Amino acid sequence: MSDTRNFVLRDVDGNEHGVFTGKQPRQAALKAANRGKGTKSKPDTIRLRERGTKKVHVFKAWKQLVAAPKNKPEWMPEKISKPFVKKEKIETIE
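Residues numbered from 1 in each chain as written. Predicted model: local features only at pLDDT ≥ 70, side-chain atom pairs only at ≥ 80, totals over all residues. Heavy atoms only, no water.

- By the naming in an unreviewed UniProt entry, the chain is Chromosomal protein MC1, taken from Methanosarcina horonobensis HB-1 = JCM 15518.
- We quote the UniProt Function (unreviewed entry) comment for the chain here in full: "Protects DNA against thermal denaturation and modulates transcription." (UniProt positions renumbered as here; feature names shortened; annotations may be inferred.)

Set out below in structure tokens:
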């Protein structure tokens, strides 16, 4: 049986928009951060609710343009967008 978990992206009003999967909340947050517009000086706040629980994982997230790895495939550009996340807290909803 697979141990991937589903995390639902929430906004500040409690509306849920998209589902990101991962074994850990951080993995799902990295996927969500790659779609965001946050920068290191002004990070986005990502709120992920774990499906089946009342836990909401709150992250600060941003992405930066970095050089592609040396062993990159030919189709990959020279600069790629790399996501970063930092966990702030875990909230519970009622």
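There is more to say, and it comes next.
**Thoughts on the layout of surface pockets**
So, step 1. Its boundaries defined by the atoms lining it, the largest pocket holds a volume of some 160 Å³.
So, step 2. Lining the largest pocket are 14 residues; nearest its centre among them are L9, A32, G36, D44 and I46.
So, step 3. Going through the elements one at a time, helix 1 (25-33), strand 3 (44-50) and strand 4 (55-67) are the ones with two or more residues in the lining of the largest pocket.
So, step 4. Among the residues forming the lining of the largest pocket, the class breakdown is seven nonpolar, three polar and four charged. (1 Å grid on protein atoms, 1.4 Å probe; cavity = no way out; pocket = protein on both sides within 12 Å on 5 of 7 lines; lining within 4 Å. Points joined across faces, edges and corners; volume = space filled by probe spheres on them. Helix = DSSP H or I, 4+ residues; strand = E, 2+ residues; numbered from the N terminus. Nonpolar A, V, L, I, M, F, W, Y, C, P; charged D, E, K, R; others polar.)

**What about the pattern of salt bridges?**
So, step 1. The tally for this structure, following the rule as stated, stands at seven salt bridges.
So, step 2. Residue E50 pairs with R5 through a salt bridge whose shortest N-O separation is 3.0 Å. Placement of E50 in strand 3 and of R5 in strand 1 (residues 5-10) is noted, with a sequence separation of 45 residues between them.
So, step 3. Classification of E50 by relative accessible area gives buried; the value is 10%.
So, step 4. Overall, R5 belongs to the partly exposed group, its relative accessible area being 28%.
So, step 5. R49 is the partner of E16 in a salt bridge, and the nearest nitrogen-oxygen pair spans 2.7 Å. Linking E16 in strand 2 (residues 16-22) with R49 in strand 3, this pair joins segments that are 33 residues apart in sequence.
So, step 6. Assessed through its relative accessible area of 14%, R49 is described here as buried.
So, step 7. Each member of the salt-bridge network shares a partner with another, and the members are R10, E16 and R49. (Salt bridge = Lys/Arg side-chain N within 4 Å of Asp/Glu carboxyl O. Buried < 20%, exposed > 50% of the residue type's maximum accessible area, 1.4 Å probe, protein only.)

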